[in-house]
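Letter by letter, the chains look like this.
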Amino acid sequence: MGNLSRKKKKNKKEKQKEKTKNNLIDLQMDQENEKIQKTIKIITLGTGESGKSTFLKQLSILYSTGFEESSRELYATTIQNNLIHYLKILLRAAHSLGIKIQEENTRLSRSFFAFDDLTTQSLKAIIQLWSDPGLKQAYERRSEFQLPDMSKYFLDDAERIGKSDYLPTDQDILNCRIPTTGVNELNIVVDDLPWIVVDVGGQRSERRKWIHHFDGVTLVVYVVALSEYDQQLFEDQTVNRMLESLDLFAKTINNECFENKNCVVLFNKDDIFRKKIKEVPLKKCFPNFTGENDYQSTCKFIQEKFDKIGRNKKRVIFYHFTCATDTESMRAVFDIVSTTILQNQLNVGGYL
Ligand SMILES: Nc1nc2c(ncn2[C@@H]2O[C@H](COP(=O)(O)OP(=O)(O)OP(=O)(O)O)[C@@H](O)[C@H]2O)c(=O)[nH]1
Ligand SMILES: [Mg+2]
């Protein structure tokens, strides 16, 4: 008898222990779920070269550890190789556009194509050729061929960049162009909330990978290169970049995953746009634009185009005009974006 009651007591104790253990597991799972639900997932979308990765780099500078020395060394190699690459593009463009370069540079311009690496000799050649008015003229006509805007920033500073102990500054890295292939993710904490920011490649060949990252998105950040209204796509020289961006916006924001998701549209490269709009009419991209060709009217017209495509009753679209390479101006943009997210979270939780 005594044995039986001891056995019963033991069973009861074990059951109690089991229950406590299960409760603990439930609690841990709840906490884990809460953490997942609390994580803000932001996806940056847009055509190639619009500035998505630059947006991510700024987040890393402002909310994370920025760039480690090892990553700066990798950027150094890319930036140095790009100098040679940009100069070759300019030489080819000058030739095909019929732009003359100075006679004393003719031989050097031909032999330059043999250079593959940045050496004392190739650096000297870059500095000499870049000072040729013909190449400057070709640079001014860069919308007629494919050359990154930021090439001038690096070519102007070739002497500093060409040094053997060159380590890029934050600004050099922000200006450096490396097309994204695949997906980059950045984990940061903003206003005590964990954010995961997903950066995808924007060129046509990259876009089929996007769909795998659409689940659980809190906010879509769509980046438009405002200044590219007179440029053709890198992937297809017959397609205007701004029209491609509008078309892509229609296809992505109206995807069912984003039906009730708020969206921030960044009209980026505002710095270049402000200068360009004084010289190149917006009609070049939108022949039916009849307004004044000033900054305000053209921005309003472009914003309305995007708004017409993206507007629905279930979401709000916020618009910002940005220069993604300018850290201070981006800090202000992130403050607004983070407030928007906080308000949205409070709304969802029924606190507002
Ligand atoms: N002047 C200027 N340059 C910018 C701005 N934003 C980005 N850039 C430059 O534009 C180039 C392209 O920027 P990325 O961030 O690589 O573009 P992306 O959208 O990530 O391109 P993909 O990875 O190909 O989709 C880089 O050289 C940047 O430095 C801007 O607001 N103003
Ligand atoms: Mg990128």
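Residues numbered from 1 in each chain as written. Chains lettered and ligands numbered in written order. Predicted model: local features only at pLDDT ≥ 70, side-chain atom pairs only at ≥ 80, totals over all residues.

Caption draft 1: Spatial organisation of the overall build of the protein. Looking only at helices and strands, the protein features 13 helices and 6 strands. Expected size for 352 residues packed as a compact globule is a radius of gyration near 20 Å; at 27 Å, the protein overshoots this value by more than 25%. Expressed as a percentage of its 352 residues, the buried residues of the protein come to 28%. In the protein, 76% of the contacts between residues at least 6 apart in sequence involve partners at least 24 apart. (Helix = DSSP H or I, 4+ residues; strand = E, 2+ residues; numbered from the N terminus. Rg over C-alpha atoms; globule rule 2.2 N^0.38 Å. Buried ≥ 20, exposed ≤ 12 C-beta atoms within 10 Å, placed from the backbone. Contact = placed C-beta atoms within 7 Å.)

Caption draft 2: The arrangement of the domain arrangement of the protein in detail. Its domain assignment divides the protein into domain 1 (43-67 + 180-337) and domain 2 (69-175). For domain 1 versus domain 2, the separation of C-alpha centres amounts to 28 Å. Facing 10 residues of domain 1, the contacting portion of domain 2 comprises 9 residues. Among the elements that make up the side of domain 1 that touches domain 2, the one with the highest residue count is helix H2 (residues 52-63) (3 residues). When its residues are assigned to classes, the side of domain 1 that touches domain 2 shows 4 nonpolar, 4 polar and 2 charged. (Domains from an automatic or database assignment. Nonpolar A, V, L, I, M, F, W, Y, C, P; charged D, E, K, R; others polar.)

Caption draft 3: Region of interest: the site of ligand 1. With respect to spatial proximity, 27 residues lie near ligand 1, and among them Gly51, Ser53, Arg177, Thr180 and Gly202 are the closest. The greatest single-element share of the shell around ligand 1, amounting to 3 residues, is contributed by H2. Here the shell around ligand 1 is built from residues that sort into 8 nonpolar, 13 polar and 6 charged. When we break the shell around ligand 1 down by domain, the ones giving at least three residues each are domain 1 (43-67 + 180-337) and domain 2 (69-175). (Near = placed C-beta within 6 Å.)

Caption draft 4: Expanded view of the nonpolar core. By size, the foremost hydrophobic cluster in this structure holds 42 residues, and its most contacted members are Ile42, Val220, Val221, Tyr222, Val224, Val265 and Leu266. If you list the elements that add at least two residues to this core, you get strand S1 (40-45), H2, strand S3 (193-200), strand S4 (219-225), helix H10 (241-253), strand S5 (262-268), helix H12 (295-310) and helix H13 (327-348). Considering every element that reaches this core, the biggest residue donor is S4, with 7 residues. Beyond its immediate chain neighbours, meaning those up to four positions away, valine 265 contacts Tyr222, Val224, Phe306, Ile317 and Tyr319. (Core = buried A, V, L, I, M, F, W, Y, C linked by C-beta atoms within 7 Å.)

Caption draft 5: Looking closely at the pairing of S5. For S5, a buried count of 6 out of 7 residues is recorded, marking the element as mostly surrounded by other parts of the structure. By the bridge criterion, 7 bridges tie S4 to S5 in an arrangement that is parallel. The residue bridging valine 224 from the neighbouring strand is phenylalanine 267, located in S5. Read from S4 through H10 to S5, the crossover connection turns out right-handed. (Pairing = 2+ DSSP bridges. Right-handed = clockwise from strand over helix to strand, strands pointing away.)

Caption draft 6: Quick peek at unusual backbone geometry. Despite not being glycine, glutamate 49 has its phi angle at roughly 70°, a positive value. Along the chain, glutamate 49 falls in the loop between S1 and H2. A positive phi angle is found at aspartate 191, which is not glycine, with a value near 50°. Mapped onto the elements of the fold, aspartate 191 is located in the loop between strand S2 (183-190) and S3. Judged by the 12 C-beta atoms lying within 10 Å of it, aspartate 191 falls in the exposed class.

Caption draft 7: The packing of helix H3 (residues 69-96) against helix H6 (residues 133-140), seen in detail. It is at 9 Å that the axes of H3 and H6 come closest, and there the two elements cross at 90°. Here H6 runs roughly perpendicular to H3, going by the angle between their axes. Here Leu90, Ala93 and Ala94 of H3 come into contact with H6, specifically with Gly134, Leu135, Ala138 and Tyr139. Split by residue class, the contact of H3 with H6 holds 6 nonpolar, 1 polar and no charged. (Axes fitted to C-alpha atoms, helices over the stretch in contact; angles between N-to-C directions. Parallel < 35°, antiparallel > 145°, perpendicular 65-115°, else oblique.)

Caption draft 8: Focus on the pairing of S2. In terms of strand pairing, S2 meets S3 through 8 bridges, oriented antiparallel. Each bridged residue has a counterpart across the sheet, and for asparagine 187 the counterpart in S3 is isoleucine 196.

Caption draft 9: H12, seen in detail. If you check H12, its first and last C-alpha atoms are 23 Å apart, about what 16 residues at 1.5 Å a residue would give, namely 22 Å. For H12, the secondary structure elements touched by its buried residues are H10 and S5. (Expected span 1.5 Å × (residues − 1).)

Caption draft 10: The sheet that holds S2, seen in detail. Reading across from one edge, S2-S3-S1-S4-S5-S6 is the order of the 6 strands in this open sheet, with mixed pairing throughout. Single-partner strands in this sheet number two, and they are S2 and strand S6 (317-321). The sheet shows a mean angle of 20° between the axes of neighbouring strands, taken without regard to direction. In the packing of H2 onto the sheet, the strands contacted are S1, S2, S3, S4 and S5, and the crossing angle to S2 comes to about 35°. Along the sheet face, H10 touches S1, S4 and S5 and points at about 165° away from the line of S4.

Caption draft 11: Expanded view of the environment of isoleucine 127. With respect to the helices, strands and loops of the structure, isoleucine 127 is situated in helix H5 (residues 120-130). Classification of isoleucine 127 as partly exposed rests on a count of 14 C-beta atoms within 10 Å. Each C-alpha atom, one on isoleucine 127 and one on leucine 87, is 9.9 Å from the other, the two residues being 40 residues apart in sequence. Leave out the neighbours within four places in its chain, and isoleucine 127 touches Ala158 and Glu159.

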